Structure formats: structure tokens, C-alpha cells
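Survey of secondary and tertiary structure
So you can see what is in the structure, the chains are spelled out below.
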Protein chains: 2
Amino acid sequence: MKDNETVLITSSQNAQIKFARSLDKKKDRYFHNAFRAEGVRHIKEGLDLNWKLLSLFVSPEVQERPHVKEIIQIARAQGARISVVSSRLLETITNRENAQNAVGIFVQKWAELDDFMDENTIVALERPKDPGNLGTIMRTIDATNCQALILLEESCDPYSTEAIRAAMGSSFAVKIAKANITDFLNWRTANGFSLYGTHVKSTKLHSETKFAAKSILLMGNEQSGIDDELANSCDGLVKLPMAGRADSLNLAIATGICLYEIWRQSGFQGRKS
Amino acid sequence: MKDNETVLITSSQNAQIKFARSLDKKKDRYFHNAFRAEGVRHIKEGLDLNWKLLSLFVSPEVQERPHVKEIIQIARAQGARISVVSSRLLETITNRENAQNAVGIFVQKWAELDDFMDENTIVALERPKDPGNLGTIMRTIDATNCQALILLEESCDPYSTEAIRAAMGSSFAVKIAKANITDFLNWRTANGFSLYGTHVKSTKLHSETKFAAKSILLMGNEQSGIDDELANSCDGLVKLPMAGRADSLNLAIATGICLYEIWRQSGFQGRKS
């Protein structure tokens, strides 16, 4: 039997099942340089955008459907392992009731800062903690004609299951680089990006700020906001107006509102719908 | 011993502990008409806004701190039960490691549609499914000078632990009514509100729409969007521009961007910072 023929797996102790399940843990994702994506549509996104698929699991109920046959065919051409597993085993992999009918394991991709030289808008997040926020931000980055995300210092993992789920397929469309603050600040100066941080102490609203053509939107950590060194290095500090009892917005909401404002100022360049 | 003197609880089988823990379940929240709020700051929010506190749990480590003594004093004056419980028992209640140092159990409040007659901006959500989204939306409603939320048809519970956590204290600042679609449409016509739904098929952008002084922003379900009857009844359908591979935004993000646009058009009326 060739490696990439479809095999039927029935045991939850099968090594492939254990491998797929282990990717819930950051250390296993790191060790294997891999992550899990769920659902035929999202797996198709990854394949369309040339992400390397290692392994594909589909349930017997859907394996003959045209769009499932299509991803099986692409997966086979890539040399990925293809397994048919029961819905119950898919639930075991995803640790979720009513699991998706397909699970794919992809190789992680990490960009370098220099890959972003030609971007117009970049989002930089300092030490984001919540993977749900991170995934939601990636979905919004993709939706606003951006492709570039920089994670500054120790951040939650964009390849965690929660982040991937929240990104709803946009993980495959956003390039992610990691950097420390010093390297990041040197890079953006050398490459002529203007840096805009959101800061509660700013007196200038997001909607009063004229964002430069090459902009980096910098958002601080959920609890502590932007580091002082970073704030002092910004070309502009902006704030979102606030009313009521709330003293801050959710990080993904604040990022989304700023991104739409930056995009609005460009006349929604690259808009598809 | 009087009912509202501070008692020390050491057993996880104590009836008060069991009661507090049971509020993770919707049927128990419904039966007791109660919900749980975590953290001294959020409990203080509830007390400041005159929500009825039934029971307060604090850890011994913090009970002498000034802001904790303050909420104990208000709780006592309200006739709430006050219990000192170990951090470990607080973790049992909240099912969370590194639990907050205080947990409060409050009585739920539900508004009627007629309570919203004098509002300027109201948010209506049709069948929202994700309590994290719902809580995040409440936080954003509070931040944008609104106070009114209508849940249409069968919706997830704004008093669930996940929603309360995501709302970050704003649950206490937002009035919530439930309605079916027919009653809702009749009420808004009778009370002169213009209804704006977000819809992928709209050709008009949010930023090109002039929102009326008395507006209801209507957002559809995460999966299926707005019901056809509702869409046909709208005074305006708006859409958010989209680029990239993403075909939609997260519900809380889309709501936040629309709310900030509506609020921008009012000159950020009621802005505090």
C-alpha cells in the first residue's frame, strides 16, 4: 500500500489520531511545527493558498461529496496521509461535540519582518494573551485588505486550536512574524513605516488621525496596554472615544475599529464586496 | 447569629457553594433568576448601579482590603449573605484556576421594550448563539453611549458565566429586553425608530448611511444573518466592506464597527474620554 492511499482508522489509540489530538498542546505544535484546521471549507482555504498539508481526516458520511473528493485529490497529490475516521473519532481529535466532518494537519509558516517591506498596513500586537482575540483579529486583518501581523515579545499562539477556530480560515491568508521590541523598532525605522499606537492617555481620536500610507497599527496587551518604550517610539498615539462605565474595549473590537478607520481613509482600497 | 453576618465556609459541599456553582447551568440561573459576577471591581459596578446582591463570597486574603470592606459593607446593608471562603473554594465555584478574590450572586433584571422608548440608539440581536460575542457586544454598547439591547427570538443567555466575563462589568450598565420578531417590529413602528440591518446583499456601506437620531442597529445570527421578514422590514440595509478571503466578520466586531459609526455621526455624544 502506498503512503498516500486512503486508510480507515477505527481505534482512538491509532498513532495518527494521537498525533492529531496532541496538537492541542503548544509544546507538541512547536515540536512538530504543525497545527490543526477543522472543516472542509477551511482546509480548502489552506490548500488553495499553498499551505503544506501533512494529514487529512474525513468522516465516511462525507467522503463521497464533491468538495470533499476535491480536497482528498489535492491532499493526495501533495503526498498527505489521508484517513477515513468515524465522526466519533473526529470528536476525539477535536475535543468537541458535533465535530466538523474533516480535520487537516498543516505545517506552520512564519514570516520574517523583511517579508513585510512592501505592505501598506501592518498590525503589531504586543503580548496578546487571548487566542480567541488573536484569531478574531486575524479574521479582521484579512477582511480589511491587510496581510501582515507582527507578534511582539511573548504572545499567545496563533496556531492554537482556539485561535484557528476564531480566525475562521483567515489564518491561511495572514502572514505572521515574531519579533522583540528592539528589532521591531529598528526594522520599522529602516523601512519607513509610521507607527500608531492606541493609548488611553492620547488626546487624539482615531477618526481625527491621518494615517500614513505605510502604517503599523500597534495594539497593547489586553490588561496592561502598550509598553512605555513602545509608546514613546510611536509617531502617533490614538484613542477610541469611550462613554458609559466601560473603561476599555475588548482588544479585538478596538483593533477592528482602528483597522476599518485606516481602511476607510484609503477609500477601502482592494475592497471585494 | 444574624443572617447577614460574615460566615466562614470550608466545605465544597456547603449549600451556598453548591448554589453558586449551579449558576453555570442555564436552567438553574433561570430557576433562581440569578447570576454570578466575578471580581471586586465588577461586583462594585453592580452595587453602584443598584443591582440586588443575594450573596457575596470573598477570600480571607483580601477581606481586609479597603475596597473589599467597602463592598462587604454595602452587601451587608442590602441583606446579602456574606461568606469568607478559601481561594480553592472560589476556584470550585468559578471552575477556573487563579479565580478572582470575590464572587457575587446577583438577581437578574429584564427590561420591557417600552423601557426603551426614550433611547437614541438600540442594538437588536437576532438569535445570537455565542455568549462570548454577546458579552463583548454588551461591553461595546456600554462604551458607545448606549444602554439598550433587544434579544430577538431564541438567544444565548446574557447572564451565562461566559457572557458576564466577556462583558467585563458592562452587564450592569446595559438594559436587556427579549422579544419575538412580530412584537419587536410593531413596537419599533409605534415608537418611531428607524431600523438598520446589516446584510451581505446590501450595496450601501455603513459609512455611506445616514443613521436617524432614533436608530435600531439590527445584527443577524452568527451563521445565518438576518431573517428575511426582518430584512424586508428594515428602513435601511447596510454592509461593511470586505476584502481578502474572509466572507464575513465576527459578529461582535461587525456590531462594534457599526456602533462606532453611528456614534461618530452623533459627534460622539456623551463621550467621557
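Keep in mind that this is a model prediction, so the values were computed, not measured.

**Examining the domain arrangement of chain A**
For interface size, the figure often reported is the accessible area lost on association. Residues and elements named next belong to chain A. We note that the domain assignment places domain 1 (6-107) and domain 2 (113-265) within chain A. Taking only C-alpha atoms, the centre of domain 1 and the centre of domain 2 are 31 Å apart. Contributing elements (two or more residues each) for the side of domain 1 that touches domain 2: α2 (26-32), β2 (34-38) and α3 (40-48). Per-class residue counts for the side of domain 1 that touches domain 2 are four nonpolar, two polar and seven charged.

**As for the relation of the copies chain B and chain A**
In this structure, two copies of a chain are linked by a rotation about an axis accompanied by a shift along it. When chain B is fitted onto chain A, the two copies agree to an RMSD of 0.0 Å after a turn of 180° and an axial shift of 0.0 Å. Here the copies are linked by what is in effect a two-fold axis. An overlap of 100% is found between the interface residues of chain B and their copies at the interface of chain A, pointing to a shared contact surface.

**Re the packing of helix α1 (residues 15-22) of chain B against helix α5 (residues 87-94) of chain B**
Geometry of a packed helix pair, given as the angle between the helix axes and the separation of the axes. All names here are of chain B. Packing of α1 against α5 leaves a shortest axis separation of 7 Å and a crossing angle of 40°. Of the possible angle classes, the one that applies to α1 and α5 is oblique. The segment α1 lies against α5, with Ile17, Ala20 and Arg21 engaging Leu89, Thr92 and Ile93. Of the residues that constitute the contact of α1 with α5, the class distribution is four nonpolar, one polar and one charged.

**A look at the interface of chain B and chain A**
Facing 32 residues of chain B, the contacting portion of chain A comprises 32 residues. Of all the secondary-structure elements, those providing two or more residues to the side of chain B that touches chain A are α6 (131-143) and α10 (251-265) of chain B. By residue class, the composition of the side of chain B that touches chain A is twelve nonpolar, 13 polar and seven charged.

Cut-off values and rules
Residues numbered from 1 in each chain as written. Chains lettered and ligands numbered in written order. Predicted model: local features only at pLDDT ≥ 70, side-chain atom pairs only at ≥ 80, totals over all residues. Domains from an automatic or database assignment. Helix = DSSP H or I, 4+ residues; strand = E, 2+ residues; numbered from the N terminus. Nonpolar A, V, L, I, M, F, W, Y, C, P; charged D, E, K, R; others polar. Least-squares fit on C-alpha atoms with pLDDT ≥ 70 in both. Contact = placed C-beta atoms within 7 Å. Axes fitted to C-alpha atoms, helices over the stretch in contact; angles between N-to-C directions. Parallel < 35°, antiparallel > 145°, perpendicular 65-115°, else oblique.

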